[in-house]
Amino acid sequence: MPLLGRTANGLFWMQRYIERAENTARLLDAGLRLSLTNLSGQPEEWQSVLVSAGIETQYLEKYDDFAPERIIDFMVRDLDNPSSILSSIGVARTNGRMVRTALTRETWEAINESWIILRSRFARPVDDLPAVLDLVKARTALIRGSFYGTMLRNEIFDFCNLGTFLERADNTARILDVKYWVLLPDHSSVGSSLDNYQWGSLLRSVSALRSYAWEYEPEFRATDIIDFLVLNKRMPRSLSYSYRCINDSLDYLARAYGVEHECHRLAKETAARFESRTIKQIIDGGLHEFLEDLIVDGNRLSNEIARSYGFFS
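Computed from a prediction, not measured in an experiment: that's the story for all the values here. (Residues numbered from 1 in each chain as written. Predicted model: local features only at pLDDT ≥ 70, side-chain atom pairs only at ≥ 80, totals over all residues. Heavy atoms only, no water.)

Comments concerning the packing of helix 13 (residues 262-276) against helix 14 (residues 279-309)
So, point 1. Running from N to C, helix 13 and helix 14 cross one another at 160 degrees; their axes reach a closest spacing of 9 Å. Regarding the angle of helix 13 to helix 14, the classification is roughly antiparallel. Helix 14 is crossed by helix 13, and the crossing has left-handed handedness. From helix 13, Glu262, Cys263, His264, Arg265, Leu266, Ala267, Thr270, Arg273, Phe274 and Ser276 reach across to helix 14, where they touch Gln281, Phe290, Asp293, Leu294, Asp297, Arg300, Leu301, Glu304, Ile305, Arg307, Ser308 and Tyr309.
So, point 2. Split by residue class, the contact of helix 13 with helix 14 holds nine nonpolar, five polar and eight charged. (Axes fitted to C-alpha atoms, helices over the stretch in contact; angles between N-to-C directions. Helix = DSSP H or I, 4+ residues; strand = E, 2+ residues; numbered from the N terminus. Parallel < 35°, antiparallel > 145°, perpendicular 65-115°, else oblique. Left-handed = near helix turned anticlockwise from the far one by under 90°. Contact = heavy atoms within 4.5 Å. Nonpolar A, V, L, I, M, F, W, Y, C, P; charged D, E, K, R; others polar.)

Okay, structure coming up:
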């Protein structure tokens, strides 16, 4: 029997907001690492984080400058920001409680405990950003481990997986766009040691430094790093890997329910981009434009999945 729309909705958004909390931490980590190479003293890296997260407008409704401490607070614990880490964990926990009977005890307890710990920590201002980001990544990793280690691989698992990898693909595109946005005003540093350090910092922010070295030369080269995060099929945060997982889950749902929808066509069409282009073609055609198109199409796919399976986008 197909899941009720409200159950599918709860599972999808529970997992999407858990991933969003971790991804916001990773985006902030990227901003922090890039800011350490900022010789001008201007906060452009922190503004780029807001732009790439898609929340610059909401931020400017509350603040009139780009002070790093305000941006950090807004993205970590401000409940006026629905995409802040604290807001995301709260929404994930609310959705998890709504579909608690569809989850294993271990998964629910990991979500609930993480919400309690993070809510307590975020009751006071962020005074040690690296430690806070490490805490968020550790708690979301615990949730993910409990989920993958105990959940039955059925349609419940597939709706959760769709939420996870749609959010992850969106974040990988945005975190790459942080790098692009920072370099946009002045391309004179492209290929320099500073440029390579910044690319290496992005690898560290997605916990991919060692795995990159296993796949490529140890030297940080922008083309190789973009290839790793966009086209590599074995990198769990790459765009190609994320869309392969999205298509796998949609294929399982099609077999379980005996029908394909428009979302299946859209997902296959998007995944085909990673098969038909080389990284050189993507860069020559405009990395920024490629990432922007992917973010827009990911949102469209999310809406189509919601419409097809009777829940809210």
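Some details on the packing of helix 1 (residues 5-35) against helix 4 (residues 68-76)
Helix-helix packing is described using two parameters, namely the angle between the two axes and the distance between the axes.
So, point 1. Axis separation between helix 1 and helix 4 bottoms out at 10 Å; the angle between their running directions is 165 degrees. As the angle between them shows, helix 1 and helix 4 are arranged roughly antiparallel. As for the relative orientation of helix 1 and helix 4, their crossing is left-handed in sense. Every residue of helix 4 that contacts helix 1 at Thr24, Leu27 and Leu28 is listed here: Ile72, Met75 and Val76.
So, point 2. Here the residues of the contact of helix 1 with helix 4 sort into five nonpolar, one polar and no charged.

Observations regarding the environment of Tyr252
So, point 1. Relative to the assigned elements, Tyr252 resides in helix 12 (residues 239-257).
So, point 2. Assessed through its relative accessible area of 46%, Tyr252 is described here as partly exposed.
So, point 3. In sequence terms Tyr252 and Leu135 are 117 residues apart; their C-alpha atoms lie 34 Å from each other. (Buried < 20%, exposed > 50% of the residue type's maximum accessible area, 1.4 Å probe, protein only.)

Some points on the environment of Met98
So, point 1. If you trace the backbone, Met98 turns up in helix 5 (residues 85-98).
So, point 2. Sequence separation of Met98 and Gly10 is 88 residues, and the distance between their C-alpha atoms is 6.7 Å.
So, point 3. Residues in contact with Met98, not counting those within four places in the same chain, are Arg6, Asn9 and Gly10.

A look at the pattern of salt bridges
So, point 1. The tally for this structure, following the rule as stated, stands at 29 salt bridges.
So, point 2. The partner of Glu275 in a salt bridge is Lys233, with the nearest N and O atoms 3.6 Å apart. Separated by 42 residues along the polypeptide, Glu275 in helix 13 and Lys233 in the loop between helix 11 (222-230) and helix 12 bring together distant segments of the chain.
So, point 3. Judged by its relative accessible area of 38%, Lys233 is partly exposed.
So, point 4. Glu269 serves as the salt-bridge partner of Arg265, at 2.7 Å between the closest nitrogen and oxygen. Of this pair, Arg265 and Glu269 both sit in helix 13, four residues apart, which is roughly one turn of the helix.
So, point 5. For Arg265, a relative accessible area of 39% translates into the label partly exposed. (Salt bridge = Lys/Arg side-chain N within 4 Å of Asp/Glu carboxyl O.)

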